[in-house]
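Each chain, written out:
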Amino acid sequence: MLAFVLDAAERVTGTRPLVVVSPATAAVRTSFEDRVDYVLQEDPRGTGDALRVAIAAVPPDVDEILVLSGDVPRVTVGLLADLLEQRRLDHAALAVVAVAAYDPSGLGRVVRNDAGAVERIVEERDASDDERDLVEINAGLYAFDAAWLRGRIGSLVPSPSTGEIYLTELVALARADGRLVAALDADDDGRLTGINDRAQLAQAEWDMRTEINERWMRDGVTMRDPSTVYLDAAVELAGDVVLEQNVVLQGTTRVGEGTVVGAGSQIIDSTIGRECQVWASVVEQSTIEDGATVGPFAHLRPGSVVGPGAQVGNFAELKNTRLGAGVKQHHVSYLGDAELGPGTNVGAGTITANYDGTRKHRTTIGSRVFLGVDSMLVAPLEIGDDAKTGAGAVVTRDVPAGKLAVGVPARIREPRPVAVEPAAEEDGAVE
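The structure displayed is predicted, hence computed values, not measured ones.

A few points about the overall build of the chain
Inference 1: A count of helices and strands for the chain gives eight helices and 41 strands.
Inference 2: The globule rule puts the C-alpha radius of gyration for 431 residues at 22 Å, and the 31 Å found for the chain is more than 25% above it.
Inference 3: Taken along its principal axes, the extent of the C-alpha atoms in the chain is 100 × 55 × 35 Å.
Inference 4: Taking all 431 residues of the chain together, the buried fraction comes to 42%.
Inference 5: Look at the contacts in the chain between residues 6 or more apart in sequence, and 32% of them connect residues 24 or more apart.
Inference 6: Only carbon and sulfur atoms are counted for the fraction: they give 50% of the accessible area of the chain, which is about 21500 Å².
Inference 7: Averaging the positions of the 40 positive and the 66 negative side-chain charges in the chain gives two centres separated by 7 Å.

Put into structure tokens, the structure is as follows:
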């Protein structure tokens, strides 16, 4: 939630944001340590006190301060830029965003004078009956003349009714100083609604997801059922990507042109190439190169690479494994900490036994290798190009190129010649 607010703040100001945290929210620091500065409000006594703590950490040469709420993730850069511009045009002590709300219940009301100028903002619990009838609310976004704010922030006092120190009292202080308070009017389209509970969080996520999906569809992405497609904001999609029902793309996932992500797939922080197909599978921190197919019911765990044109099928699992071009891995198999050369075939039930109870070991498999059904490869192990393993073989030592490993434990043999039936003749020619 905070990431969206920080993105908007950075884009509109070009500076590093300052985030106020309390002991209850201090865990936020672990998520954004490299991109923001923090100040601690040891005793959270309200928004005014939070701003007081923040001002002390702002460099003295800063002449304008933008104040945002961390629970309004759908705020736009355009609105914030307009707010700053409104304050500058009016040479105001501060500018606020005012919204004519359909339902102002529970929110601070904007009180104007007969000329329409903002005189004060009153919290609902402190408002009179006439003030509660007002529908214009304070959206919690502010732009300040920093010099004026530094001189006045110490004048805020606790509310008699709650003991909180309200930032909104700065409006009345500015008017008492004869300074103008500017107001930027905004539509009540839900973008500025603060998130105070799980229901509001779910609504904000729904609204944001609808916007993200619509943008990608207008850019040439097909969604069979947009209501069941979940895309994180950082996901990137090329043209002519097809997303079927119940697809989830998370984190920094990238999907190339013409790829189909089939129903029931979840892809996290991964790169998918062009003309691929991923169906009913989970892909985590992995790469699928052009023309490869994955699924159904496959699992690519972190560090895996599926090479061009390779196939990963039913109930196959990879972990920290690289498949070369054209590799075929299907049917209830597990490859962990392995490297497979181009053209290799992985028989049903094949497993790389990569863990000895203490350490992980790698298995290196060459090109055009044929791994028989139920082969167990006990790492560390190397299998040379064009080698084979027999069905049910337990391979505990290296297999030289072109050789056959059979038995339990496997013994090395020369492969038997394979009879090739000639193609049928047609019209006097052999094809």
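Remarks on unusual backbone geometry
Inference 1: In this structure, the amide linkage connecting Gly295 to the following residue, Pro296, adopts the cis form with an omega of 5 degrees.
Inference 2: Within the fold, Pro296 resides in the loop between strand S21 (293-294) and strand S22 (299-300).
Inference 3: The omega angle of the peptide bond from Val408 to Pro409 is -10 degrees, so this bond is cis rather than trans.
Inference 4: Its place among the elements puts Pro409 in the loop between strand S38 (404-406) and strand S39 (411-413).
Inference 5: One non-glycine residue, His331, adopts positive backbone phi at about 60 degrees.

Describing helix H8 (residues 198-218)
Inference 1: Between its first and last C-alpha, H8 extends 30 Å over 21 residues, near the 30 Å set by a 1.5 Å rise per residue.
Inference 2: Lining the buried residues of H8 we find helix H1 (2-13), strand S9 (222-223), strand S10 (229-231) and strand S11 (236-237).
Inference 3: Near the N-terminus of H8, the side chain that reaches the backbone nitrogen of Ala199, with its oxygen 3.1 Å away, is that of Asp197.
Inference 4: Immediately beyond the C-terminal end of H8, within one or two residues, lies Gly220, with a positive phi of roughly 105 degrees.

Thoughts on the sheet that holds strand S24 (residues 311-312)
Inference 1: Strand order in the open sheet made by the 12 strands is S9-S12-S15-S18-S21-S24-S27-S30-S33-S36-S38-S39, with mixed pairing throughout. Both outer strands of the open sheet, S9 and S39, are each paired with one neighbouring strand and no more.

As for the side chain of Thr228
Inference 1: Turning to its location among the elements, Thr228 is positioned in the loop between S9 and S10.
Inference 2: For Thr228, the side chain forms a polar contact with the main-chain nitrogen of Asn246, separated by 3.0 Å.

Let's talk about the pairing of strand S5 (residues 109-112)
Inference 1: Where S5 lies against strand S6 (residues 118-122), four bridges are found, and the strand directions are antiparallel. Within the sheet, the bridge partner assigned to Val111 lies in S6 and is Arg120.
Inference 2: Between S5 and S6, which pair antiparallel one after the other, the connecting turn spans five residues, and Gly116 there sits at a positive phi close to 90 degrees.

Observations concerning the sheet that holds strand S23 (residues 305-306)
Inference 1: Here nine strands make up an open sheet; going across it, the order is S11-S14-S17-S20-S23-S26-S29-S32-S35 and the pairing parallel. Only two strands of the sheet have a single neighbouring strand rather than two, namely S11 and strand S35 (381-383).
Inference 2: Inspection of the sheet shows S23 paired to strand S26 (residues 322-323) by two bridges, in the parallel sense. If you follow Val306 over to S26, its bridge partner there is Leu323.

Parameters at a glance
Residues numbered from 1 in each chain as written. Predicted model: local features only at pLDDT ≥ 70, side-chain atom pairs only at ≥ 80, totals over all residues. Heavy atoms only, no water. Helix = DSSP H or I, 4+ residues; strand = E, 2+ residues; numbered from the N terminus. Rg over C-alpha atoms; globule rule 2.2 N^0.38 Å. Buried < 20%, exposed > 50% of the residue type's maximum accessible area, 1.4 Å probe, protein only. Contact = heavy atoms within 4.5 Å. Areas by Shrake-Rupley, 256 points an atom, 1.4 Å probe, with all protein chains shown as cover. Lys, Arg positive; Asp, Glu negative; His and termini not counted. Charge placed at Lys NZ, Arg CZ, Asp CG, Glu CD. Expected span 1.5 Å × (residues − 1). Polar contact = N/O pair within 3.5 Å; in protein donor to acceptor, adjacent residues only side chain to side chain. Pairing = 2+ DSSP bridges.

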